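Tertiary structure, described
Here is how the chains run, residue by residue.
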Amino acid sequence: MLEEAVSAADCVALQLANDADRYAALGHRLRSTSFHNAVTVARGSSDHASSYLAYLIMARMGRLVTSLPMSLVTLYKAPLQAAGLLAVSISQSGQSPDVVEPIRYFRAGGATTVALVNDIDSPLAHEAEWALPLRAGKEQSVAATKSFIASLTAGARLVAEWQQDDELKAGLAALPDALRRAVQTDWSAALEVLTPARNIMVVGRGISFPIALEAALKFKETSALQAEAFSGAEIKHGPMALIDEGYPLLIFATRGPAQAGLVALADEMRGRGARVLLAAPADVPSRDLDLPVAGCPDLDPIVAIAAFYVMAAHLSEARGLDPDKPRHLNKVTKTH
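Calculation criteria
Residues numbered from 1 in each chain as written. Predicted model: local features only at pLDDT ≥ 70, side-chain atom pairs only at ≥ 80, totals over all residues. Heavy atoms only, no water. Pairing = 2+ DSSP bridges. Helix = DSSP H or I, 4+ residues; strand = E, 2+ residues; numbered from the N terminus. Contact = heavy atoms within 4.5 Å. Axes fitted to C-alpha atoms, helices over the stretch in contact; angles between N-to-C directions. Expected span 1.5 Å × (residues − 1). Buried < 20%, exposed > 50% of the residue type's maximum accessible area, 1.4 Å probe, protein only. Core = buried A, V, L, I, M, F, W, Y, C linked by side-chain atoms within 4.5 Å. UniProt positions renumbered as here; feature names shortened; annotations may be inferred.

Moving on to the sheet that holds strand E6 (residues 199-204). As summarised here, the arrangement of the 5 strands in space is E7-E6-E8-E9-E10, forming an open sheet in which the pairing is parallel. Only two strands of the sheet have a single neighbouring strand rather than two, namely strand E7 (226-231) and strand E10 (289-290). Judged from the 3 bridges that link them, E6 and strand E8 (residues 248-252) form a sheet pairing that is parallel. Each bridged residue has a counterpart across the sheet, and for valine 203 the counterpart in E8 is isoleucine 251. Contacting E6, E8 and strand E9 (275-280), helix H13 (residues 259-271) runs over the sheet at an angle of about 165° to E9.

Encoded structure:
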């Protein structure tokens, strides 16, 4: 897990060096087609990557994006209207039937279908009209790291070409170097708090919420740590009842409109006795963990999760576990 997380920069560099014409052609198609909304099709870490892509599409392109409950297609056989729809699936293996079947259904119904997939010879890649390889290489660790980072990158590339945004394109070009810096970030302070912990809340908002979801999943997978992710806007509702003296919170305060509220939330939670780990850029004085930044704020979640993965691998070992062999889990999960 640690080696693959560190290698993500090289995987991203490889991806960015390839398929430029294909992404440009897809961007042209998206600009020339009238989409009212879009749907994402994914499970697990890939669904978290889809949430990041959805945020970019909604914030930048103004299209509403829905995460598909796959059972609507695979079990309920719902008569979903596919014409004029953009359907994007993200997957490492491209093998799970409940990811493949909806893309087949949407394509047959007239949707524009896109697969961002690591295995370009998989059933999912064959079913989608537009299949773009993540180029993360074979991933040995059960817990996805480099393939997740490559998925985030591919989603940002899609939007950059769709929008023709020069700042986002420049940020992507600089992303491999930003990732190399990110995995050198010292998060050892988190180990002191989390090695003995029994539970944790992971908090983000806006574009940082998908990586809060991903971090919570990795805590469960690799450290057997009961972790839940919440939006900073939701934590004062029901979740507040759980917070007592010493309760750990990891807060991802990436740059952007949500940052100030998350920094204020960290201060308030400290006042309630919580053990707060505020991950924020170097210009936030109250930070507990240094949060690396990318070439543009919308890419910050990609480098933030890279720093997290390195810490998570060390945390698993500190808790007496093997991050490469999570209990009861396999690399490829096939659900219907």
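Relative to the 26 Å expected for 18 residues at 1.5 Å per residue, helix H8 (residues 146-163) spans 26 Å between its end C-alpha atoms, a close match to the ideal helical length. Burial within H8 is extensive, with 17 of its 18 residues counted as buried. Glutamine 164, located one to two residues past H8, shows a positive phi value of around 55°.

Generally speaking, soluble globular proteins have nonpolar side chains that are buried together. Formed by 83 residues in total, the largest nonpolar core has its most connected members in Leu194, Phe219, Leu250, Phe252 and Phe308. Looking at this core, the element that brings in the most residues is helix H14 (residues 300-318), giving 13 residues. In contact with leucine 250, not counting residues within four places along its chain, are Ile200, Met201, Val202, Val203, Phe219, Leu277, Ala279, Leu289 and Phe308.

When the UniProt feature table is mapped onto this chain, "domain: SIS" (unreviewed entry) is found at residues 26-168 and 190-326. Spanning residues 26-168, this segment combines 47% helix with 18% strand, and its end C-alpha atoms are found 17 Å apart.

So, about unusual backbone geometry. In the Ramachandran plot, aspartate 19 falls in the positive-phi region, its phi being about 65° despite a non-glycine side chain. Inspection of the secondary structure assignment puts aspartate 19 in the loop between helix H2 (8-16) and helix H3 (20-32). Positive phi values are uncommon outside glycine, yet alanine 224 reaches one of about 50°. In this fold, alanine 224 is placed in the loop between helix H12 (209-223) and E7. You can call alanine 224 partly exposed: its relative accessible area is 36%.

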